[in-house]
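Structure at a glance
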Amino acid sequence: MTTDHDVPQLVPLADMTAAHASATLLERLADKLGARASVTAVYGEPVVGDGITVIPVAEVGFGFGGGVGREVGKDKTGEGGGGGGGAGARPVGFIEIKDGTATYKPLRDPWVDVIVPLTAALLAGTALPHLARRLAKRRLR
């Protein structure tokens, strides 16, 4: 059962303050983005083929911000406000269901496969000769 308090009251545009306009904007934005941030946004529709089911997995995030202000002058007639928000999603892996067993398989960034070995080789190439010289000096003493 709804009461009169539960039903949102519409404010005529001429009577709307900056604070109320900002709050209304953020509420609308939160409703629209919140409706999209559901389980189906994180777990995609399953794909079935050759006895294997694949469920895509994504990382979804969203945020909001807003503010209002009032002129600090004698008349205090100026008001202002604003707000905004955003959302983003990126694939992070998939769930593979095969023969009754579910396995999560993360997607790897291809640059990690290149940069990590190159960095390790660079560090080893720099540090090993220095270490070999120090060990040789110790043996000579």
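Before reading on, note that the structure itself is shown above.
The structure presented is a predicted model; accordingly, all values stated were derived computationally and were not measured.

Each helix and strand counted, the chain has three helices and four strands in total. Considering the chain as a whole, with its 141 residues, one finds that 8% of them fall into the buried category. Put simply, 52% of the contacts in the chain that link residues at least 6 apart link residues at least 24 apart. Approximately 11,600 Å² of the chain is accessible, and the part contributed by carbon and sulfur atoms is 61%.

Turning to the sheet that holds strand β4 (residues 101–106), a few remarks are in order. Within the open sheet, the four strands sit side by side as β1-β2-β3-β4. Their pairing is antiparallel. Pairing within the sheet leaves two strands with one partner each, and these edge strands are β1 (47–49) and β4. Each adjacent strand pair in this sheet contributes to an overall mean axis angle of 25°, direction not counted. Bridge count for β1 against strand β2 (residues 52–70) is three bridges, and the pairing is antiparallel. Counted as the bridge partner of Val48 is Thr53 from β2.

Within a regular strand, the side chains alternate between the two sheet faces. From the end of β1 to the start of β2, which pair antiparallel, there are two residues, and Asp50 there has a positive phi angle of about 55°. Here β2 pairs with strand β3 (residues 79–98) via 19 bridges, running antiparallel. Considered in β3, the bridge of Gly61 is made with Gly88.

Of note in the backbone geometry, Asp50 takes a positive phi value of approximately 55° without being a glycine. For Asp50, the location among the structural elements is in the loop between β1 and β2. Residue classification places Asp50 among the exposed residues on the basis of a relative accessible area of 82%. Positive phi, normally seen in glycine, also occurs at Asp99, with a value near 55°. Looking at the secondary structure, you find Asp99 in the loop between β3 and β4. With a relative accessible area of 72%, Asp99 lands in the exposed category.

Moving on, we get to the side chain of Glu96. Secondary-structure assignment places Glu96 in strand β3. For Glu96, a relative accessible area of 17% translates into the label buried. The residues touching Glu96, leaving out its near neighbours within four places in the chain, are Ile52, Thr53, Thr101, Ala102, Thr103 and Lys105.

What counts, and where the lines are drawn
In this convention, every chain numbers its residues from 1, walking through the sequence in written order. Owing to the predicted nature of the model, reporting of local features is limited to residues with pLDDT of at least 70; listing and counting of side-chain atom pairs is limited to 80 or more, with chain, interface and lining totals taken over all residues. Processing note: side-chain calculations cover all non-hydrogen atoms of the structure and skip hydrogens and water entirely. Secondary structure elements are taken from DSSP: a helix is a run of H or I of four residues or more, a strand is a run of E of two residues or more, and numbering for both begins at the N terminus. For the exposure calls, accessible area comes from a 1.4 Å probe over protein chains only, and a residue counts as buried if that area is under 20% of its type's maximum, exposed if over 50%, partly exposed in between. Residues count as neighbours in contact if any of their non-hydrogen atoms are within 4.5 Å of one another. Exposure was quantified through the Shrake-Rupley algorithm and a 1.4 Å probe, taking into account, for residues, occlusion by the shown protein chains and nothing else. Each pair of strands is called paired provided DSSP finds at least two bridges between the two strands. Each axis is a line fitted through C-alpha atoms, taken for helices only over the stretch in contact, and angles between the N-to-C directions span 0 to 180 degrees.

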